[in-house]
Amino acid sequence: MSYNDKPGIWSKFRRKNAKGERGAEREHAPHVELPHSVKVTRQRSRIGRDPSFPSFSSKAGLKQGDAQFASAMKRLRQSFTPSHPVSNSRLFAGRRALLEKIVSLLEDQHLHLVLYGDRGIGKTSLMRIVAELANDADYYVSYTSCGKDTRFDALIRGIAGRIPLLFHRDFDPTENVVEEGNTLESLFHAGEVSVSDATSVFENLHGTQFLFLLDEFDRVASSEVREQIAELIKNLSDRGATVQFVIAGVASNLTALFSHIPSIRRNLIGIPVDRLSDRETRNLVELGASRSGVKFSNKALDLLATWSRGLPYIAQLLALHASLVALRGGKQTVDIRDVEAAGDEAEEEIGLRLSDTARRVIQAEQKKNNLADLRTLAIAASEHADVLPEAVLGRLDRTVRAELFKVAGGRTHFAEEASIPFILLVSRGGDDKDEPVDRVRLPR
Ligand SMILES: Nc1ncnc2c1ncn2[C@@H]1O[C@H](COP(=O)(O)OP(=O)(O)O)[C@@H](O)[C@H]1O
Ligand SMILES: [Mg+2]
C-alpha cells in the first residue's frame, strides 16, 4: 500500500494540501484599507519636503499611500518568511520523501526521532509540519523550545502542565480533580522531578498517541539533562508507552546530540535534514509567489536557486527582497535583475547580523579575491553542521581563522552563525565552480 491511499497522518496531509491550494487562491482577493489616520499623517508629512528625501514606499511603482501597494507589501512579507520557520504546510516546500519517512517511523514503527542539521536548514519548519500532520491525525502534540539553561525538572513540568489529567489512565473523566481542569503536573511531588517520576506519569498516558517535540536541543548545556532525556526515552520505549519524542538540534550526527547512550540507539533514529535540491528551492519560491500574487521568471528562479545553494533561509531572504524590488518598480513579475538587486540587499541585511570584526574580515578577503576557501568551509558547514575540512582550515590566514572560527568540543566551528549565509552570498559569483545541489548528497 502506498502512502497515498494509506489512512493516518499522511493521507490527511494529502487531503489538506489539496484544500490548502484552494485556500491560497481565495486569499488573493485584494483588500486591506490603510487606517484613515495613517493616510492623513503621510499627506501632512510630505508638505514642504524635498521630493528626493527618502520616505517609506518612495520607490513604489504603485502610488505611494496606495492601499493596494500596502496590501501587496504585507502579503509578500507573509509569503516569504526568512526570519520565521514555516508553520503551514501550504508554504512548506519539498521534503516529501523525508516527511513520508518520518510519518512511517512515527506511525508504523513507534520510534523516537532526532532531526539534525545546520542552522537555517529547516528543522523547526519540518517539526512544525510534522506537528500539524500529527494534530490532524488526533495526536496530542506538545512543542518545547530548549535553551542553554533548560533543566529536566522544568522541561517535564512544562510538558505535563499542558496535558489534562483526563489522559492519565488512573483518572475517570467524572472525577472532581479532572473536572477542575487539573493537569498531569499535579501528580508530581514538590521536589525535583526525576527520570523515574516522569516515567511513571508518562507511561500511564492513554486515549491517544502523544508527540513531544523538543527543538533547539543542541542549546541544552547540561549533559546531565541530555542523559536524563535519553533515559526517559529508553524507559518509555521499554514500557511500550504512547509517548514519542521528536528532537531537533544543530549537529552533524546523532551522537553529537546524544553521546554515551548506546542503550537507546535501538529506540532512537537520527534523521539528517539536508539542503533542499534546486527543484525544491524553486518550489519554495513558487509557493510564496503564488500566495503573494507575484510571479518569477524562469531565469530569476534559476539564479535564486543557484545562489541559495539549497539553504531555505537564503532562498526565503532572496525571494522576499527580489519581489520587493519588483513591486517597488511597479512589476508583477520578478526577473533576473530583481534577483541580482536582491543579492546585494540580502548580503547587506545578513551583514548587519554579524559583528563588525567578522564582517570586515570577510569583506577584506573578498577584496583580495580570496574567498574560495571560506566558501568551501561555508558550504561544508551548511552540509555537515559542525564538521569542517581541516585541510581547508589549515590554508586560512591565521587572523582570518582566529576571527571567524572557534573551537568547541574538539571541533572547529564558525564563531558566528550568520557568517555562513554571508560568505555564501558575498561569494555568490563563485558558484559556477560549485557542484549543483541536486548532485551533492550527504554521506549517511
Ligand atoms: N521546506 C521549507 N519550505 C519553505 N521554507 C522553508 C522550508 N524549510 C525552511 N524554510 C525557511 O528557512 C528558514 C529557516 O528555517 P528553520 O525551520 O527556522 O530552520 P532551522 O530550525 O533548521 O534553523 C525559515 O525562513 C523558513 O521559513
Ligand atoms: Mg530551528
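## Section: helix α16 (residues 372–384)
So, step 1. In this model α16 runs 18 Å from its N-terminal to its C-terminal C-alpha over 13 residues, within 8% of the 18 Å that 1.5 Å per residue would give.
So, step 2. Turning to α16, its buried residues are L374, R375, T376, L377, A378, I379, A381, S382 and E383.
So, step 3. Those residues of α16 hidden inside the fold are in contact with α15 (356–367), α17 (390–395), β9 (411–414) and α19 (419–426).

## A few points about the site of ligand 1
So, step 1. Near ligand 1 there are 21 residues, and of these G122, K123, T124, S125 and P312 occur at the shortest range.
So, step 2. Every element with two or more residues in the shell around ligand 1 is listed here: α5 (123–136) and α13 (312–328).
So, step 3. When residues are assigned to domains, the shell around ligand 1 turns out to be shared by domain 1 (95–272) and domain 2 (278–436), each giving three or more.

## Quick look at the packing of helix α8 (residues 195–202) against helix α9 (residues 223–238)
So, step 1. Close contact between α8 and α9 brings their axes to 10 Å; oriented N to C, the two are set at 35°. In the crossing of α8 with α9, the sense of the turn from one axis to the other is right-handed. From α8, V195, A198, T199 and F202 reach across to α9, where they touch Q228, E231, L232, N235 and L236.
So, step 2. Here the contact of α8 with α9 is built from residues that sort into five nonpolar, three polar and one charged.

## Comments concerning the nonpolar core
So, step 1. Counting residues in hydrophobic clusters, the biggest one holds 113 residues, and the most contacted among them are L115, V246, L304, I314, L318, A322 and I423.
So, step 2. With twelve residues, α13 is the single largest residue contributor to this core.
So, step 3. Two domains each provide a minimum of three residues to this core, namely domain 1 (95–272) and domain 2 (278–436).
So, step 4. Excluding its chain neighbours within four sequence positions, the residues that come into contact with L304 are V285, A315, L318, A319, A322 and V339.

## A closer look at the sheet that holds strand β3 (residues 210–215)
So, step 1. A sheet is described by the order of its strands in space; here five strands give the open sequence β2-β3-β4-β1-β5, paired in parallel fashion. In this open sheet, the two strands that pair with only one neighbour each are β2 (140–145) and β5 (268–272). Strand-to-strand, the axes of this sheet are offset by a mean angle of 15°, without reference to chain direction.
So, step 2. The pairing of β2 with β3 spans six bridges and is parallel. Bridged to T144 within β3 is L214.
So, step 3. Running over the sheet, helix α4 (residues 96–107) touches β1 (112–117), β4 (243–250) and β5 and is turned about 155° from β1.

## Notes on helix α11 (residues 278–292)
So, step 1. Between its first and last C-alpha, α11 extends 21 Å over 15 residues, near the 21 Å set by a 1.5 Å rise per residue.
So, step 2. Counted residue by residue, α11 has twelve buried out of 15 residues, so it is predominantly covered.
So, step 3. By the burial criterion, the buried members of α11 are D278, E280, T281, R282, N283, L284, V285, L287, G288, A289, R291 and S292.

## Observations regarding the pairing of β3
So, step 1. Counting buried positions over the six residues of β3 gives six, a clear majority of the element.
So, step 2. Of the two faces of β3, the one lined by F210, F212 and L214 and the one lined by L211, L213 and D215 are each fully buried.
So, step 3. Relative to β4, β3 runs parallel, the two sharing five bridges. Residue F212 lies in a different strand from β4, and its bridge partner there is F245.

## Examining the pairing of strand β8 (residues 405–408)
So, step 1. Taken together, the four bridges between β8 and β9 define a ladder with antiparallel strand orientation. Following the sheet pairing, F405 is matched in β9 by F414.
So, step 2. Here β8 folds back onto β9 in antiparallel fashion, the turn holding two residues, of which G409 has a positive phi close to 60°.

## Concerning the environment of F80
So, step 1. Of note, F80 is situated in the loop between α3 (67–79) and α4.
So, step 2. In this structure F80 comes out as buried when scored by C-beta crowding, with 26 C-beta atoms within 10 Å.
So, step 3. When sequence neighbours within four positions are dropped, the list of residues in contact with F80 reads G288, Q316, A319, L320 and S323.

## A look at the packing of helix α12 (residues 298–308) against α13
So, step 1. α13 packs onto α12 with a crossing angle of 140° between their chain directions and a minimal axis gap of 9 Å. Crossing of α12 against α13: the hand is right-handed. Where α12 approaches α13, its residues A300, L304, W307 and S308 are matched on the opposing element by I314, A315, L318, A319 and A322.

## Describing unusual backbone geometry
So, step 1. A positive phi angle is found at D138, which is not glycine, with a value near 70°.
So, step 2. As for its placement among the helices and strands, D138 is situated in the loop between α5 and β2.

## Some words on the environment of T281
So, step 1. Positionally, T281 belongs in helix α11.
So, step 2. Look at T281 and you get buried, because 31 C-beta atoms sit within 10 Å.
So, step 3. As a C-alpha pair, T281 and A93 span 188 residues in sequence and 7.3 Å in three-dimensional space.
So, step 4. Other than its neighbours up to four places away in sequence, T281 contacts L276, A305, S308, G310 and A315.

## Remarks on the confidence of the model for the protein chain
So, step 1. With 80% of its residues at a pLDDT of 70 or more, the protein chain has an overall mean of 81.
So, step 2. Predicted confidence in the protein chain is weakest over helix α2 (residues 36–46), with a mean pLDDT of 37, and strongest over β3, with 96.
So, step 3. Low pLDDT, under 50, characterises residues 1–7; the predicted model gives this stretch five contacts beyond four residues in sequence or across chains.
So, step 4. Confidence over residues 9–45 falls short of pLDDT 50; this stretch has 40 contacts with residues more than four positions distant or in other chains.

About the thresholds
- Residues numbered from 1 in each chain as written.
- Chains lettered and ligands numbered in written order.
- Predicted model: local features only at pLDDT ≥ 70, side-chain atom pairs only at ≥ 80, totals over all residues.
- Helix = DSSP H or I, 4+ residues; strand = E, 2+ residues; numbered from the N terminus.
- Expected span 1.5 Å × (residues − 1).
- Buried ≥ 20, exposed ≤ 12 C-beta atoms within 10 Å, placed from the backbone.
- Contact = placed C-beta atoms within 7 Å.
- Near = placed C-beta within 6 Å.
- Domains from an automatic or database assignment.
- Axes fitted to C-alpha atoms, helices over the stretch in contact; angles between N-to-C directions.
- Left-handed = near helix turned anticlockwise from the far one by under 90°.
- Nonpolar A, V, L, I, M, F, W, Y, C, P; charged D, E, K, R; others polar.
- Core = buried A, V, L, I, M, F, W, Y, C linked by C-beta atoms within 7 Å.
- Pairing = 2+ DSSP bridges.
- pLDDT = per-residue confidence, 0-100.

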